[in-house]
Every structure is written in C-alpha cells, then in structure tokens.
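Here are the chains, one letter per residue:
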Amino acid sequence: MNKRLLFLVAVLSLSLLSVSLAALGTTSTTADIEVTIAEYVSISVSDGIDITVENPDSTNAASDTGTFTVDTNASGKTISLSDDISWSGLTFSTTLSDSSVTAGGGDTHNFTATVSDIDLGDGVTTKTGEVTITVS
Amino acid sequence: MNKRVLFLVGVLSLSLLTWSFAALGETATDTADVALAINEYVSVSVEGDGSIDITVNNPDTTNSSSDAVPFTVKTNASQSVSVSDNITGLSGDLSFTTDILDSVGGSSTTPSPDSVGNPHEYALQGTLSNISLDDGIVNVTGEVTITVS
C-alpha cells in the first residue's frame, strides 16, 4: 500500500514537475521595426538687400549682397532665385554665388542684387520688393 | 489569370506613382526683403574760365558793362537757384548787380525750379552800372555765390 502510495505520489510529483517545466518554456516571435527620417529642407535668410545711392549722376549701378542658410538632410538640392521687382526706368537683377546645396546644417550662401540704369531722371526714389529663394 | 495580371499591373503602377512622388522631394522657400533708396542729389559747377571779369576802358562813354560765366546744375529733384555776392567798396554811384540767365547771352529771367533729370545750363551775369568819370580808377574783387536748393 505504501509502495502504491509512494508510486502515486511519485507520478503526481513528476506530472507537476512536467507542468512546471512546461510553464517555464521558451518561445519567440518578431515585431517589425520601421524607422523613417523624411527628407527635410529649410531656408533662413539672414541679410536682406539694402541699396542706397547718394550720387545718381555718377552711379550707374549699385549692388548689395544678401546671405541665407540652407539646412537639409538631402543631397542633390539646388537653389534658385526669383523676384517680383519691376521698377520703371531701373533694371534689377540677382546672381547666386553657388546654386548647389551641401547636405548637413548651416550651408551658407550669398546672393547679389544689382540695380542698374540709374540716372538723374529717376528722381528721389524709395522702392521695395522681395527676392524669393527656393531650394528644391 | 487576367485578374492576376491586372493585379500585378495595378501594384506596379502604384509603386511607380509612389516613387514619382518621392522623386519630387521637399521644397523650401524664403524671401529676402529688398530696399532701394536714391537720395536727393544736387551739384552746381561753374564752367568756362570760372570768373566774371568786367574791364571798362572808356568810362566816359560806357554807362554799364557786363560779363557772364556759365554754370551747370545737376539734380534729381526740383530745385531753385539763387545768387548772392560780397562786392563792397564801389566808389561813387557804381552798382554791381547779378542776374541768372538761361544761358550765356540768354534772356535775363529768374529760372523756375530746375527740371529733374538732364543737367541744366545757366549763366551768371554780373553787371557794373552807373559808370562815370567821377568813379575814378577802380579795382574791386569779390565773389558771387550760387546756391541751388
């Protein structure tokens, strides 16, 4: 009787042990990870254009240089300029020092604006406008 | 089979469309302010020999005598021209006057405000009048100031 009891106890113990070991068991699964750093580009103008002509009799053209910074994480970007300026009797033009963009922060560029065909006939003049800088 | 082909074509088209949008990339713009100022400008310069030289050789038959010097005004604004002199010490009834002429030999008119643009040619004429023998021998020098404002 004791042997049977011992046998049953032993069997029961082994069963519980098996259940416990089964509960400890190892399993695995996977989770997908997706990281996206999107293309980013921004422009910040630091200096505008301010041209003052003191002697329009001897000054045919006057220029000033503006500065802007491009921050981007993409390569192959290019810079272009456009303006809304149409001043009667005067010619306005812009030139870009470098149209290519370097990926990374703080890529500083210059552009020069020139007003030409200045003469006494333009009178005393104050004019304003905007130059649009595009990075694409 | 046709449905499978259509499905594959559809997926391929969507992929190409997505790639096309991606190729367009990001664009950023900013604007720079532009300001232009052409300030008021005016200059006056005396031309020729730069002097008025009146010499009277026969004060018995000469009641008055004149000389003129051209001057040029350049400005980009409406201006007025005026003159003043520092001639003093003339003997007897002698008098010295100045006139602004439109040009050397032109009519004696006070110029209207100068036109904007092209340089304007004027002449400054000095006239010595009331000359007589009683004035004696005279030699007087001085300056005429031309002011454009």
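Residues numbered from 1 in each chain as written. Chains lettered and ligands numbered in written order. Predicted model: local features only at pLDDT ≥ 70, side-chain atom pairs only at ≥ 80, totals over all residues. Heavy atoms only, no water.

## Brief notes about the pattern of salt bridges
And then number 1: Tallied over the entire structure, the rule returns 2 salt bridges over all chains.
And then number 2: Residue Glu39(A) pairs with Lys77(A) through a salt bridge whose shortest N-O separation is 2.4 Å. Highlighted residues: Glu39(A) in the loop between α1 (2–24) and β1 (41–47) and Lys77(A) in the loop between β3 (62–72) and β4 (79–83), separated in sequence by 38 residues.
And then number 3: On the basis of relative accessibility, which here comes to 30%, the residue Glu39(A) falls in the partly exposed class.
And then number 4: The closest approach of N and O atoms between Asp57(A) and Lys74(B), which form a salt bridge, is 3.2 Å. On the criterion of chain membership, the pair formed by Asp57(A) in the loop between β2 (49–53) and β3 and Lys74(B) in strand β3 (residues 65–75) is interchain, its members lying in two chains.
And then number 5: The partly exposed category is assigned to Asp57(A), whose relative accessible area is 32%. (Salt bridge = Lys/Arg side-chain N within 4 Å of Asp/Glu carboxyl O. Helix = DSSP H or I, 4+ residues; strand = E, 2+ residues; numbered from the N terminus. Buried < 20%, exposed > 50% of the residue type's maximum accessible area, 1.4 Å probe, protein only.)

## Some thoughts on the side chain of Thr125(A)
And then number 1: Inspection of the secondary structure assignment puts Thr125(A) in strand β7 (residues 125–135).
And then number 2: A polar contact of 2.7 Å, which involves the side chain of Thr125(A), links it to the backbone oxygen of Asp122(A).
And then number 3: Engagement of the side chain of Thr125(A) in a polar contact is seen with the backbone oxygen of Gly123(A), the distance being 3.3 Å.
And then number 4: If we skip the residues at most four places from it in the chain, Thr125(A) touches Leu36(B), Ala37(B) and Ile38(B). (Polar contact = N/O pair within 3.5 Å; in protein donor to acceptor, adjacent residues only side chain to side chain. Contact = heavy atoms within 4.5 Å.)

## Re the confidence of the model for chain B
Do not read the fine detail of predicted coordinates wherever pLDDT is low.
Residues and elements named next belong to chain B.
And then number 1: With 75% of its residues at a pLDDT of 70 or more, chain B has an overall mean of 82.
And then number 2: Ranking the helices and strands of chain B by mean pLDDT puts strand β1 (residues 28–38) first, with 96, and helix α1 (residues 2–24) last, with 54.
And then number 3: In this model, residues 16–23 is a region of pLDDT below 50 whose contacts with residues beyond four sequence positions or in other chains number 0 contacts. (pLDDT = per-residue confidence, 0-100.)

## Considering the sheet that holds β7(A)
And then number 1: Reading across from one edge, β2(A)-β1(B)-β7(A)-β4(A) is the order of the 4 strands in this open sheet, with mixed pairing throughout. The sheet terminates laterally at β2 and β4 of chain A, the two strands that pair on one side only. Across this sheet, the average inter-strand angle for adjacent strands is 20°, counted without regard to direction.
And then number 2: Examined bridge by bridge, β4(A) and β7(A) share 5 bridges and lie antiparallel to one another. When the bridges of β7(A) are listed, Leu81(A) appears paired with Ile133(A). (Pairing = 2+ DSSP bridges. Axes fitted to C-alpha atoms, helices over the stretch in contact; angles between N-to-C directions.)

## Describing the sheet that holds strand β6 (residues 104–116) of chain A
Residue and element names in this part refer to chain A.
And then number 1: As summarised here, the arrangement of the 4 strands in space is β1-β3-β6-β5, forming an open sheet in which the pairing is antiparallel. Either end of the sheet is taken by a strand with one partner, and the two such strands are β1 and β5 (91–96). Shown here is a sheet whose adjacent strand axes are inclined to one another by a mean of 25°, direction ignored.
And then number 2: Relative to β6, β5 runs antiparallel, the two sharing 6 bridges. When the bridges of β6 are listed, Leu96 appears paired with Phe111.

## Comments concerning unusual backbone geometry
Residues and elements named next belong to chain A.
And then number 1: The phi dihedral of Asp117 falls on the positive side, at around 65°, and the residue is not glycine.
And then number 2: Counting through the fold element by element, Asp117 comes out in the loop between β6 and β7.
And then number 3: On the accessibility criterion, Asp117 (38% relative accessible area) is partly exposed.

## Concerning the nonpolar core
And then number 1: Counting 26 residues, the largest nonpolar core has Trp87(A), Phe92(A), Val115(A) and Leu36(B) as the members making the most contacts within it.
And then number 2: Where this core is concerned, the elements lending two or more residues are β1, β2, β3, β6 and β7 of chain A together with β1 of chain B.
And then number 3: Broken down by element, this core gets its largest block of residues, 5 residues, from β1(B).
And then number 4: In this structure Trp87(A) touches Phe92(A), Val115(A), Lys127(A), Thr128(A), Gly129(A), Val34(B) and Leu36(B), once residues within four positions along its chain are discounted. (Core = buried A, V, L, I, M, F, W, Y, C linked by side-chain atoms within 4.5 Å.)

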